[in-house]
Amino acid sequence: MNGLVALRKLHRNDLDRMVELANNEKISVNLRDQFPHPYTRNDGTRFLKMLDSNDQLIVFAIDYEGEYAGNIGLVLETDVYRKSAEIGYFLGEPYWNKGIMTKAVNLTVTHAFESLKLIRIHCGVYEYNKASQRVLQKCGFEKEGIFKKAIYKKGQIWDEIRYAKINPI
Ligand SMILES: CC(C)(COP(=O)(O)OP(=O)(O)OC[C@H]1O[C@@H](n2cnc3c(N)ncnc32)[C@H](O)[C@@H]1OP(=O)(O)O)[C@@H](O)C(=O)NCCC(=O)NCCS
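Residues numbered from 1 in each chain as written. Predicted model: local features only at pLDDT ≥ 70, side-chain atom pairs only at ≥ 80, totals over all residues.

With that out of the way, let us pick up the site of the ligand. Taken together, 21 residues surround the ligand, and among them Asn30, Met101, Thr102, Lys130 and Arg134 come closest. Among the elements of the structure, strand 4 (84–91), helix 4 (100–115), strand 5 (120–126) and helix 5 (130–138) are those that each provide at least two residues to the shell around the ligand. Take the shell around the ligand: its biggest share by element is five residues, from helix 5. Looking at the shell around the ligand residue by residue, the classes come out as 12 nonpolar, six polar and three charged. (Near = placed C-beta within 6 Å. Helix = DSSP H or I, 4+ residues; strand = E, 2+ residues; numbered from the N terminus. Nonpolar A, V, L, I, M, F, W, Y, C, P; charged D, E, K, R; others polar.)

Encoded structure:
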């Protein structure tokens, strides 16, 4: 088990721990406003229900040494973008800086390229989120550009840094 990071299906019985870890402003500040703060049991229940009804969204629980530690997912794009997906993730604060998300992103990209046959995975990171930028760099994502002043978060305007990884096949 030592240091083992695995992806698995997100279960209903992950709800309480997911809500406990997600209810953290240091997490929500890096995500879209649809991931609110405070993050309540209702928010978690709504999210799990939405997963059942949305085929474009694939979400895994991140399992660290047998414990639920966070979520990682792909939003599958449509029409001419259907070989692309956006990757998104959060990890509970007690688990930060142990290399867990680097492993989880690598596992998700492998799934996207090898099983789903996607060509391109991309991610937009707010300029102040250095940890997530570092994770993407460590996973071989390239910085493609800066969407200047694209983000309005908590009353302030920020740049978004765009990263992508291309399937080498
Ligand atoms: C961002 C996040 C996913 C990182 O997960 P993690 O498991 O801690 O990441 P890892 O341990 O694999 O790697 C983190 C890297 O960032 C670095 N880092 C952490 N904080 C940093 C900071 N403030 N400035 C610069 N680098 C930082 C770490 O040193 C490490 O790099 P290293 O291996 O070269 O030392 C996690 O903090 C999180 O869930 N944050 C809130 C949600 C979020 O930001 N989601 C992504 C939105 S794009």
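Glancing now at the pairing of strand 3 (residues 67–76). With eight bridges connecting them, strand 2 (residues 57–64) and strand 3 associate as antiparallel partners. Bridging from a neighbouring strand, Phe60 pairs with Ile72 of strand 3. Between strand 2 and the antiparallel strand that follows it, strand 3, lie two residues; Glu65 among them carries a positive phi value of about 50°. Strand direction decides the pairing type here: strand 3 and strand 4, joined by seven bridges, are antiparallel. Within strand 4, the residue paired with Val75 across the bridge is Glu86. (Pairing = 2+ DSSP bridges.)

Listed as buried for helix 1 (residues 15–22) are Met18, Leu21 and Ala22. Projected onto a plane normal to the axis of helix 1, the buried residues spread over an arc of 95° and lie on a single side. Summarising the contacts, the buried residues of helix 1 are in contact with helix 2 (25–28), helix 3 (41–53), strand 3 and strand 4. (Buried ≥ 20, exposed ≤ 12 C-beta atoms within 10 Å, placed from the backbone. Arc of directions from axis to C-beta. Contact = placed C-beta atoms within 7 Å.)

Following His37, the chain continues into Pro38 via a peptide bond in cis, with omega recorded as 0°. Assignment of secondary structure puts Pro38 in the loop between helix 2 and helix 3. Positive phi outside glycine occurs at Glu65, with the angle close to 50°. For Glu65, the location among the structural elements is in the loop between strand 2 and strand 3.

Let's shift gears to the packing of helix 1 against helix 3. Axis angle and axis distance: for two packed helices, these are the angle between their axes and the distance between the axes, and together they describe the pair. In the contact formed by helix 1 and helix 3, the axes pass within 9 Å of each other and the chain directions differ by 120°. What the angle tells us is that helix 1 and helix 3 run oblique. When you trace helix 1 past helix 3, the crossing you get is right-handed. Side by side, helix 1 and helix 3 meet where Leu15, Met18, Val19 and Ala22 of the first sit next to Arg41, Gly44, Thr45 and Leu48 of the second. Looking at the contact of helix 1 with helix 3 residue by residue, the classes come out as five nonpolar, two polar and one charged. (Axes fitted to C-alpha atoms, helices over the stretch in contact; angles between N-to-C directions. Parallel < 35°, antiparallel > 145°, perpendicular 65-115°, else oblique. Left-handed = near helix turned anticlockwise from the far one by under 90°.)

Take it as geometry only, folks, not as evidence of what the structure does.
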